[in-house]
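Reading the structure
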Amino acid sequence: MKPLLSAADNKIFLAVKALLGFCLLSPLFVWPGMLFPFTGSKAFFFRITIEIAFALYFYLALRYRPLRPKRTLLFWSILVFLGAWLISALVGVDSYLSFWGNLERMGGV
């Protein structure tokens, strides 16, 4: 039986798993040089690791069909929620802050 992923893509898949595991360490991450060290540094660490993991997963999902999410009710519900979140950020009172958030709250899209 042929393996699902090539050797290089298997390493990328393991990197995605490791990055998602590193997200569990974000509560322990504090960088005292930041303006809001107890909230901002944790949120930056979490968001950066999630974004890198998503980029690697997106590459794998484009190459390998079985890694793509199934089209279930949960998938469509999350897609509708994200669409509503994006629309509310774009038509908000201050669309710049609604989209990007601020350093302390980190609540942007």
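That block above? That's the structure.
Here is a short report on the structure shown in this document. Because the structure is a prediction, the values reported are computed rather than measured.

Parameters and conventions
- Residues numbered from 1 in each chain as written.
- Predicted model: local features only at pLDDT ≥ 70, side-chain atom pairs only at ≥ 80, totals over all residues.
- Heavy atoms only, no water.
- Salt bridge = Lys/Arg side-chain N within 4 Å of Asp/Glu carboxyl O.
- Helix = DSSP H or I, 4+ residues; strand = E, 2+ residues; numbered from the N terminus.
- Patch = residues over 30% accessible without salt bridge, like charges linked within 9 Å, V, L, I, M, F, W, Y side chains within 5 Å.
- Areas by Shrake-Rupley, 256 points an atom, 1.4 Å probe, with all protein chains shown as cover.
- Polar contact = N/O pair within 3.5 Å; in protein donor to acceptor, adjacent residues only side chain to side chain.
- Contact = heavy atoms within 4.5 Å.

**Focus on the pattern of salt bridges**
Considering all chains together, one arrives at one salt bridge under this definition. A salt bridge links D9 to R63; its shortest N-O distance comes to 3.6 Å. With D9 in helix α1 (residues 7-22) and R63 in helix α2 (residues 40-63), the pair connects residues that are 54 residues apart, well separated along the chain.

**Structural notes on a nonpolar patch on the surface**
The grouping of L74, I78, F81, L82, W85, L86, I87, L90, V91 and V109 at the surface amounts to a nonpolar patch, some 970 Å² of accessible area in total. Within the secondary structure, L90 sits in helix α3 (residues 73-90).

**Things to note about the side chain of S26**
Among the secondary structure elements, S26 is positioned in the loop between α1 and α2. Polar side-chain contacts of S26 include one of 2.9 Å to the backbone oxygen of C23. Apart from the residues lying within four places of it in its own chain, the contact partners of S26 are K42, F45 and F46.

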